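Chain residues, written in single-letter form:
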Amino acid sequence: MTHRCGHKQLPSTSAFDQHEARFIRAAFSCPHCLAELARRSMLDTRVFINLHQHAAGGLAFVIEVADASDELGELLASTGYHSNRKALEQMASSVRGVPEDDRFWRKELSFASDADPRQVVAMIEHVKLEMSWLEPYLPLGAEAIEYCTFPI
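Residues numbered from 1 in each chain as written. Predicted model: local features only at pLDDT ≥ 70, side-chain atom pairs only at ≥ 80, totals over all residues. Heavy atoms only, no water.

Asks: Summarise the overall build of the protein; cite the residues concerned and give the values.
Replies: From N to C terminus, the protein includes five helices and five strands. Counting helices and strands in the order they occur from the N terminus, the protein gives α-α-β-β-α-β-α-β-α-β. Looking at the 152 residues of the protein, the share that counts as buried comes to 43%. A separation of at least 24 residues holds for 64% of the contacts in the protein among residues at least 6 apart in sequence. Just so you have it, the protein exposes about 8,400 Å², and 56% of that area is on carbon and sulfur atoms. (Helix = DSSP H or I, 4+ residues; strand = E, 2+ residues; numbered from the N terminus. Buried < 20%, exposed > 50% of the residue type's maximum accessible area, 1.4 Å probe, protein only. Contact = heavy atoms within 4.5 Å. Areas by Shrake-Rupley, 256 points an atom, 1.4 Å probe, with all protein chains shown as cover.)

Asks: Explain the sheet that holds strand β3 (residues 82-85) residue by residue, including any values.
Replies: In any sheet, the strands associate via hydrogen bonds between backbone groups, in a parallel or an antiparallel arrangement. One open sheet holds the five strands; their spatial order is β3-β4-β2-β1-β5, and the pairing between them is mixed. Each having just a single partner strand, β3 and β5 (145-147) make up the two edges of the open sheet. On average, adjacent strands in this sheet sit at an angle of 35° to one another, irrespective of strand direction. Bridge analysis of strand β1 (residues 46-54) against strand β2 (residues 58-66) gives nine bridges, and the strand direction is antiparallel. Paired with Ile49 across the strands is Ile63, a residue of β2. (Pairing = 2+ DSSP bridges. Axes fitted to C-alpha atoms, helices over the stretch in contact; angles between N-to-C directions.)

Asks: Give a detailed account of the packing of aromatic side chains, specifying residues and quantitative values.
Replies: Any two aromatic rings considered together are summarised by their centre-to-centre distance and by the angle between their planes. Tallied over the entire structure, the rule returns two aromatic pairs. Look at Trp133 and Tyr137: their rings are 5.8 Å apart centre to centre, the planes differ by 80°, and that puts the pair in the edge-to-face class. By the burial criterion, Trp133 is buried, and Tyr137 matches it. (Phe/Tyr/Trp six-rings, centres within 6.5 Å; stacked < 30°, edge-to-face > 60°.)

Asks: Go over the pairing of strand β4 (residues 103-112), please, and point to the residues and values.
Replies: The sheet contact formed by β2 and β4 spans nine bridges and is antiparallel. Bridging across to β4, Val62 finds its partner in Glu108. Both β3 and β4 contribute to a ladder of four bridges, which runs antiparallel. Within the sheet, the bridge partner assigned to His82 lies in β4 and is Arg106.

Asks: Summarise the environment of Phe111; cite the residues concerned and give the values.
Replies: Note that Phe111 resides in strand β4. Residue Phe111 is classed as buried on the basis of its relative accessible area of 9%. Residues Phe111 and Leu59, 52 residues apart in the sequence, show an inter-C-alpha distance of 5.4 Å. With residues near it in sequence (within four places) discarded, Phe111 still touches Leu51, Gly58, Leu59, Ala60, Phe61, Gln119, Val120 and Met123.

Asks: How would you sum up the pattern of salt bridges? Please name residues and give values.
Replies: A full pass over the atoms with the stated rule returns ten salt bridges. For the salt bridge of Glu146 with Arg46, the shortest nitrogen-to-oxygen distance reads 3.2 Å. Of the two residues, Glu146 sits in strand β5 while Arg46 sits in strand β1, which places them 100 residues apart along the sequence. By the burial criterion, Glu146 is buried, and Arg46 matches it. Residues participating in the shared-partner salt-bridge network are Arg4, Glu71 and Glu74. (Salt bridge = Lys/Arg side-chain N within 4 Å of Asp/Glu carboxyl O.)

Asks: I'd like a rundown of unusual backbone geometry, residues and numbers included.
Replies: With the exception of glycine, most residues fall at negative phi, and the peptide bonds are largely trans. Positive phi outside glycine occurs at Met42, with the angle close to 60°. Looking at the secondary structure, you find Met42 in the loop between α2 (31-40) and β1. The phi angle at Asp67 is positive, at roughly 65°, despite the residue not being glycine. Relative to the assigned elements, Asp67 resides in the loop between β2 and α3 (70-78). With a relative accessible area of 12%, Asp67 lands in the buried category.

See the structure below:
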């Protein structure tokens, strides 16, 4: 299989690529080309992973991708991310690495606060798996993935 950019899709040992995700990713430019596009466009694409508490006893691991190229955004949308905009109070104070643009991509993995600890561990493993396929698309690689750091 080849990517949209014409580069051959490299074999992967990632569990993420053991199902339909491999076919989804082939419809887009390869990780190298998308990371290069971000570099040339001077995008500082970063990923922030946090734990949020919802009202009514729920929690969620939240993955937010800031400063993504349009094509990376399309790929994220095809894998369950949703485009969001910062609220006005969030835009007032930004942290390093977050662009002036107020768009970001977000995915939530929700669970009940009284969930079986094995379910929570499985969700943590899923987040790590998600980062394993996303990392090559980031201009800074693993350095652009931040846990327990808020983008705003």
